[in-house]
Amino acid sequence: MRSPKDFFAPLAVGAPEPLRQIPVPPSRMIHFFDPSNEKMAAKVPDLAKKVDVLLGNLEDAVRADRKEAARNGLVAIAKATDFGKTQLWTRVNSLDSPWVLDDLITLVTEIGDKLDVIMVPKVEGAQDIHYVDRLLAQLEARAGLTKPLLVHAILETASGVVNVEEIAGASPRMQGISLGPADLAASRRMKTTRVGGGHPGYLVRTDPTGEDLNAGRTTYQQDLWHYTVARMVDACAANGILPYYGPFGDIRDVVACEDQFRNAFLLGCVGAWSLHPVQIDIAKKVFSPAPEDVAWARRVIAAMGDGTGAVMIDGKMQDDASVKQCRVVAELADALAADDPELAAAYDAATKEASA
Ligand SMILES: CC(=O)SCCNC(=O)CCNC(=O)[C@H](O)C(C)(C)COP(=O)(O)OP(=O)(O)OC[C@H]1O[C@@H](n2cnc3c(N)ncnc32)[C@H](O)[C@@H]1OP(=O)(O)O
Ligand SMILES: O=CC(=O)O
Ligand SMILES: [Mg+2]
């Protein structure tokens, strides 16, 4: 580990100064597309107007014989597209793959000025982030970049989960972490065969009510990802970086997708991946606080004055701790509303109604 005194020193002569604070523009959905897929690529200019983050995926879901086409496709798309305020991210191939070195060299050299974040899959520990950190510094210096690239790790190996706290704090480049439930399930030897979501066999059952062990017993499906998401959220919050839920593979099941995203939102995540256009609006809805929650939060903040003491609102006690929660919701709402007049109007209308 670097000494605390050196933590914010550039890792190569001529590389840009690392940031002290991670920027937090909206990132409710990280929309994945395969840059080698002509149909998807053709949708990028329109998608850029709808999503918070566009991610050119080079790793899993891109066939081995399309890896170079995906890399070159991303370079071409980035050069040709004005992304406006929408962030451009990429997911490079894993660090043990034959493609990642060329991914990093090509992307930083050709479009380093357009890219915001590099997502690194299958991160096992701080050593993986340190490797990428130094290499990026060398490449940034060579490309003459003035803004440091940020790094996002996917939490998708058992070792990664064991080491999640050190990963979150491994570099000032660390922007965030996403849960990767599909690879994580395989790494843990879980017996699921899905990309995220629940499993009907993972349940608890109420006690028997009589001799018949099958009679009158309700079962409740449990959340396979609760432990890992909660651990990831703590690791991220403790290190000032952002947690995300990853993919939900049952594209048709928009209902369960919304549930999975909302569980992550309530636990502290700021966004999730969208794999298909149908998931974009789900993420936007879930990761933007609901107007009634914003109205309530604003009401509590107003009633709490300087934020100390205790007051009663609608029979519920509010104090320093609840007003802090309300500020989280209200500040997120204000940040999102600043760029979204429709959302701003919905928040203001709900606030007006609540105070009428
Ligand atoms: C475990 C992990 O690593 S998850 C992350 C890796 N996986 C991915 O990135 C998957 C990305 N998504 C996809 O590949 C596709 O959405 C699939 C394969 C799931 C479904 O694709 P399709 O069968 O083409 O879906 P569908 O027919 O509903 O698509 C409708 C249209 O949306 C387009 N589309 C589908 N997904 C996307 C996308 N992610 N971005 C942009 N356009 C898309 C299709 O090309 C199609 O275009 P068309 O109307 O011009 O023909
Ligand atoms: O990359 C994502 C995953 O779930 O695996
Ligand atoms: Mg994966």
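That block above? That's the structure.
Residues numbered from 1 in each chain as written. Chains lettered and ligands numbered in written order. Predicted model: local features only at pLDDT ≥ 70, side-chain atom pairs only at ≥ 80, totals over all residues. Heavy atoms only, no water.

Enquirer: What is the right way to read empty space enclosed by the protein from this model?
Expert: One simple way to see leftover space: roll a probe sized like a water molecule over the atoms. Applying the stated criterion across every chain, the model contains 2 cavities of 30 Å³ or more. Considered as a void within the structure, the largest cavity measures approximately 90 Å³ in volume. Lining the largest cavity we find 14 residues, and of these Pro-10, Leu-11, Pro-18, Asp-133 and Arg-173 sit closest to its centre. For the second largest cavity, the calculated volume is near 30 Å³. Taken together, the residues of the lining of the second largest cavity sort by class into 4 nonpolar, 4 polar and 1 charged. (1 Å grid on protein atoms, 1.4 Å probe; cavity = no way out; pocket = protein on both sides within 12 Å on 5 of 7 lines; lining within 4 Å. Points joined across faces, edges and corners; volume = space filled by probe spheres on them. Nonpolar A, V, L, I, M, F, W, Y, C, P; charged D, E, K, R; others polar.)

Enquirer: Help me out: how do you make sense of the site of ligand 2 in this one?
Expert: Close contacts around ligand 2 come from Arg-91, Glu-156, Gly-180, Pro-181, Ala-182, Asp-183, Pro-247 and Trp-273, and that covers them all. Contact between ligand 2 and Glu-156: an oxygen atom at 2.9 Å from a side-chain N or O atom of the residue. One of the backbone nitrogen or oxygen atoms of Asp-183 is found 2.8 Å away from an oxygen atom of ligand 2. A per-element tally of the shell around ligand 2 places helix H7 (residues 181-188) first, with 3 residues. For the shell around ligand 2, a count of residues per class yields 4 nonpolar, 1 polar and 3 charged. (Near = heavy atom within 4 Å. Polar contact = N/O pair within 3.5 Å; in protein donor to acceptor, adjacent residues only side chain to side chain. Helix = DSSP H or I, 4+ residues; strand = E, 2+ residues; numbered from the N terminus.)

Enquirer: Got a minute to help me understand the nonpolar core in this structure?
Expert: Nonpolar side chains tend to gather and get buried jointly when the protein is soluble and globular. Membership of the largest hydrophobic core comes to 81 residues, with the highest contact counts inside it found for Ile-30, Leu-54, Ile-177 and Phe-261. Once residues lying within four places of it in the same chain are set aside, the contact partners of Leu-54 are His-31, Phe-33, Val-44, Leu-47, Ala-48, Phe-83, Thr-86, Gln-87, Leu-88 and Trp-89. With 7 residues, the next largest nonpolar core counts Met-304, Ile-313, Cys-326 and Ala-330 among its residues. (Core = buried A, V, L, I, M, F, W, Y, C linked by side-chain atoms within 4.5 Å. Buried < 20%, exposed > 50% of the residue type's maximum accessible area, 1.4 Å probe, protein only. Contact = heavy atoms within 4.5 Å.)

Enquirer: Is there a simple way to explain the site of ligand 1 in this structure?
Expert: In the vicinity of ligand 1 there are 16 residues, among which His-31, Phe-32, Lys-43, Leu-275 and His-276 approach most closely. His-31 places a side-chain nitrogen or oxygen 2.9 Å from a nitrogen atom of ligand 1. Interatomic distance of 3.0 Å between a side-chain N/O atom of Lys-39 and an oxygen atom of ligand 1. About the coverage of ligand 1: the protein hides 61% of its 960 Å² of free accessible area. At the level of elements, strand E1 (29-33) and helix H1 (38-47) are the ones that each hand at least two residues to the shell around ligand 1. The element that contributes the greatest number of residues to the shell around ligand 1 is H1, accounting for 4 residues. Class assignment for the residues of the shell around ligand 1 results in 9 nonpolar, 3 polar and 4 charged. (Areas by Shrake-Rupley, 256 points an atom, 1.4 Å probe, with all protein chains shown as cover.)

Enquirer: Sorry, what's going on with the coordination of the magnesium ion (ligand 3) here?
Expert: Ideal values differ by geometry: the angle at a metal is 109.5 degrees with four tetrahedral donors, but 90 or 180 degrees with six octahedral donors. Taken together, Glu-156 (OE) and Asp-183 (OD) make up the full set of protein donors to the magnesium ion (ligand 3), lying 2.1 Å away. On the criterion of sequence distance, the pair formed by Glu-156 in the loop between strand E5 (150-155) and helix H5 (158-162) and Asp-183 in helix H7 is long-range, its members being 27 residues apart. What makes Asp-183 partly exposed here is its relative accessible area of 24%. (Donors = N, O, S within 2.8 Å, 3.2 Å for Na, K, Ca; no water.)

Enquirer: Even after reading the chapter, I still don't get the packing of aromatic side chains, so can you show me in this structure?
Expert: Any aromatic ring pair is given by two values, namely how distant the centres are and how the planes are angled relative to each other. Scanning the model with the defined rule gives 6 aromatic pairs in all. Seen from their ring centres, Phe-265 and Phe-287 are 5.8 Å apart, and the 90 degrees between their planes marks the pair as edge-to-face. With Phe-265 in helix H9 (residues 254-267) and Phe-287 in helix H10 (residues 280-287), the pair connects residues that are 22 residues apart, well separated along the chain. Phe-287 sits in the buried class, given a relative accessible area of 1%. Among the aromatic residues, those joined into a cluster by ring pairs are Tyr-245, Phe-261, Phe-265 and Phe-287. A cation over an aromatic ring shows up here: Lys-67 above the ring of Trp-99, its NZ or CZ 5.0 Å from the ring centre. Positioned above the aromatic ring of Trp-296 is the side chain of Lys-316, whose terminal nitrogen or guanidinium carbon lies 5.4 Å from the ring centre. (Phe/Tyr/Trp six-rings, centres within 6.5 Å; stacked < 30°, edge-to-face > 60°. Lys NZ or Arg CZ within 6 Å of the ring centre and 35° of its normal.)

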